[in-house]
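Analysis of the macromolecular model
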Amino acid sequence: MTATASAAYRGQGAGGRGASGATLLPAPCTLLLALLVGCGDGRTPLVVYSPHGRDLLSLFEERFEAAHPDIDLRYLDMGSQDALDRVRTERANPQADVWFGGPSALFARAAAESLLTAYRPSWADHIAPHGWGAGDLFFAAYETPGVIYYNAAALRHPDSADDGRRAAPSDWDDVLTPAWHDQVLIRDPIASGTMRAIFGMIIQRGLRETGDTAWGFHWLRRLDANTREYALNPSLLDQKLIRQEGLVSLWDLPDVLIAQGTGAPVGFVLPTSGAPVIVDGIAIVRGSDHSEAAQRFVEWVGTVAAQLMAARAVYRLPARLDLPADSVPDWYIAVRTQMVVAEMDWEQLADRGNDWMQWWDRHVRNKGAP
């Protein structure tokens, strides 16, 4: 890729690990220009929209291009909701070839709007059936559990011995207690598939117990009352938690493990009542001009080698269930053993999640408990 094209793509998203916090998303004409600039070397340009962050995306760019030297992989790092919004607005003139990363609820919405192209990769039989999108329109690359995220310099894991530090919350409801007033930091939910899944889990819990959304939104008001700030992107969330501007957050496991890997004083708790485990999908964008290259990327992401690479280097929980036990990292075994999967209706979340988030934004954000 030329320097011009590279600058147009990398590090300009609003979401994903390693994002700079800027929201400079290229306009379609700028995006198209960046595509054209890099085509002089004869390689096929492959544009990937993804919330997975530069740690994973730059690694995959290097390894995939080494295995496929005729393809020039270019990624745009953004939140998963932003990815859906861009694919939707670019329907008449698609700029992306692959959408890589985000909850199945968002992929299901894209599928319902005819924004994706059916393609069944050879590794599909090695993931759980719930990882298959209807009509072979998307498949799970990873599974992403939501966790309670905390500053480990100030707090200890609730299962560890008392060492003078306060215990971190052990379950979702614990975060609502007065002990955590003004100590909670939340990633802005509007652009975040992770937060939509966690909020959706709470709303669906209320629907099952009471038949109405009121219980769930009351829960979210209580959370809002304890929330000091809604961080615009994951990098800001990390920084504020590490600086102890807040002590507790709700976030996804891979990003917490990445922060730990850099030496940051952070920890996580797998909630005792269960975590929403996001089916983290991959799909080919309908109308892609480079469908053959897109298929090759989807195939590569699901290989045993690429799945193990993602687990070891950037702490993704692979969707493949046939990985050799002697090759996966220790954290993978611990999470698979201890994780309780919360009951979720992902189709309902796909259908109603956007309305729920809009209502939350208008009536709950920054208003606190009644």
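Notes on the structure in this doc start here.

Our focus in this paragraph is the overall build of the protein. Helix and strand content of the protein: 13 helices and 13 strands. Of all 370 residues assigned to the protein, the portion counted as buried reaches 58%. Put simply, 74% of the contacts in the protein that link residues at least 6 apart link residues at least 24 apart. Put simply, the protein shows about 14300 Å² of open surface, and 52% of that area lies on carbon and sulfur atoms.

Next up on the list: the pattern of salt bridges. Going through the model one piece at a time under the given rule, you end up with 23 salt bridges. The salt bridge partner of R43 is D72, with a shortest N-O separation of 3.7 Å. With R43 in the loop between α2 (28-37) and β1 (44-50) and D72 in strand β2 (residues 71-77), this pair connects stretches of sequence that are 29 residues apart. E113 is the salt-bridge partner of R88, the closest N and O atoms lying 2.9 Å from each other.

Tracing the sequence through the fold places R187 in strand β8 (residues 184-187). For R187, which is buried and forms no salt bridge, the nearest opposite charge comes from D188, at a distance of 5.5 Å. One polar contact links the side chain of R187 to the main-chain carbonyl oxygen of L232, over a distance of 2.8 Å.

What follows is about the nonpolar core. Core analysis: the biggest nonpolar cluster contains 62 residues, and Y149, F199, L220, L223, L250, W331 and W360 have the highest contact counts within it. With 8 residues, helix α6 (residues 193-210) is the largest single contributor of residues to this core. When near neighbours in sequence (up to four residues on either side) are disregarded, L220 contacts F199, I203, W360 and V364. In this structure, L56, W123, A124 and A319 belong to the second largest nonpolar core, which totals 34 residues.

This next bit is on unusual backbone geometry. The phi torsion at D136 lies on the positive side, around 60°, for a residue other than glycine. Residues other than glycine seldom take positive phi values, yet N366 does so here, at roughly 60°. Structurally, N366 can be placed in the segment after α13 (346-363).

If you walk through the whole model with that rule in mind, you get 16 aromatic pairs. Residues F60 and W300 carry aromatic rings whose centres are separated by 4.8 Å and whose planes lie at 85° to one another, so their mutual orientation is edge-to-face. Of this pair, F60 sits in helix α3 (residues 53-67) while W300 sits in helix α10 (residues 291-301); the two residues are 240 residues apart in sequence, bridging distant segments of the chain. Each of the two residues, F60 as well as W300, counts as buried. Between F297 and W300 the ring centres are 6.4 Å apart and the planes differ by 20°, which places this aromatic pair in the stacked class. Taken together, the positions of F297 and W300, both in helix α10 and 3 residues apart, correspond to about one turn of that helix. Of the residues examined, W300 reaches a relative accessible area of 11% and is grouped as buried.

One can describe the packing of α3 onto α10 by two numbers: an axis separation of 11 Å at closest approach and a directional angle of 115°. Classified by the interaxial angle, the pair formed by α3 and α10 is roughly perpendicular. Between α3 and α10 lies a crossing of right-handed hand. Contacts between α3 and α10 involve F60, R63, F64 and A67 on the former and, on the latter, R296, F297, W300 and V301.

With that out of the way, let us pick up the pairing of strand β10 (residues 248-252). Within β10, 5 of the 5 residues are buried, leaving the element largely enclosed by the surrounding structure. By the alternation rule, side chains of β10 split into V248, L250 and D252 and S249 and W251, which are all buried. Pairing geometry for strand β5 (residues 139-151) and β10, over 5 bridges, is antiparallel. Within the sheet, the bridge partner assigned to Y150 lies in β10 and is V248.

Let us now look at helix α8 (residues 234-242). Along α8, the residues classified as buried are P234, S235, L237, D238, K240 and L241. Elements that come into contact with the buried residues of α8 comprise β5, β8, β9 (227-231), β10, α9 (253-261) and β11 (266-269). Capping the start of α8, N233 holds a side-chain oxygen 3.1 Å from the backbone nitrogen of S235, two or three residues further along.

Every buried residue of helix α5 (residues 104-112) is accounted for by S104, A105, L106, F107, A110 and A111. Tucked into the core, α5 has its buried residues touching α4 (80-89), β3 (98-103), β4 (116-117), β12 (277-285) and α13. A positive backbone phi angle near 60° is found at S114, which sits one or two residues after α5.

A few words on the packing of α5 against α13. Where α5 contacts α13, the two axes come as close as 8 Å, and the packing angle between them is 75°. Classified by the angle between their axes, α5 and α13 sit roughly perpendicular to one another. Residues S104, A105, A108 and R109 of α5 form the contact with α13, whose participating residues are W346, L349, A350, D351 and N354. Among the residues forming the contact of α5 with α13, the class breakdown is 5 nonpolar, 2 polar and 2 charged.

Attention shifts here to the environment of D188. Positionally, D188 belongs in the loop between β8 and α6. It is 9.9 Å that separates the C-alpha atoms of D188 and R365, two residues lying 177 residues apart in sequence. Among all residues touching D188, those that are not within four sequence positions of it are Y230, A231, L232 and R365. Of note is the side chain of D188, whose polar atom sits 3.1 Å from the backbone nitrogen of I190.

What counts and how
The numbering scheme is per chain: residues are counted from 1 as the chain's sequence reads. Per-residue local features of the predicted model are confined to residues with pLDDT of at least 70, and side-chain atom pairs are confined, for both listing and counting, to 80 or more; whole-chain, interface and lining totals are unaffected and use all residues. To get the side-chain values, take all heavy atoms of the structure and skip hydrogens and water. Working definition: helices are DSSP H or I runs of at least four residues, strands are E runs of at least two. Numbering for both runs from the N terminus. Type-normalised accessible area, obtained with a 1.4 Å probe on protein chains alone, sets the label of each residue: buried when under 20%, exposed when over 50%, and partly exposed for intermediate values. Contact definition: two residues touch when any of their heavy atoms are within 4.5 Å. Residue burial considers only the protein chains on display, and all accessible areas are found by Shrake-Rupley using a 1.4 Å probe. For this analysis, a salt bridge means a side-chain nitrogen from Lys or Arg found within 4 Å of a carboxyl oxygen belonging to Asp or Glu. Charge assignment: positive for Lys and Arg, negative for Asp and Glu; neither His nor the chain ends contribute. Whenever a nitrogen or oxygen atom comes within 3.5 Å of another N or O atom, the pair is scored as a polar contact, on the condition that within protein one atom can donate a hydrogen and the other can accept it, and that pairs from neighbouring residues in sequence are kept only if both atoms are in side chains. Here, nonpolar core means buried Ala, Val, Leu, Ile, Met, Phe, Trp, Tyr and Cys residues that are tied together by side-chain atoms lying within 4.5 Å of each other. Ring pairs are drawn from Phe, Tyr and Trp, using the six-membered ring of Trp, whenever the two centres fall within 6.5 Å, and their geometry is named by plane angle: stacked under 30 degrees, edge-to-face over 60, tilted for the rest. Think of each axis as a best-fit line through the C-alpha atoms, taken over the contacting stretch in the case of a helix, with angles from 0 to 180 degrees between the N-to-C directions. For classification purposes, an angle smaller than 35 degrees is called roughly parallel, one larger than 145 roughly antiparallel, one from 65 to 115 roughly perpendicular, and anything else oblique. What makes a crossing left-handed is the near helix being turned counterclockwise from the far one by less than a right angle; a clockwise turn instead makes it right-handed. Only strands joined by at least two bridges in the DSSP assignment are considered to pair. Gly is placed with the polar residues, together with every amino acid not listed as nonpolar (Ala, Val, Leu, Ile, Met, Phe, Trp, Tyr, Cys and Pro) or charged (Asp, Glu, Lys and Arg).

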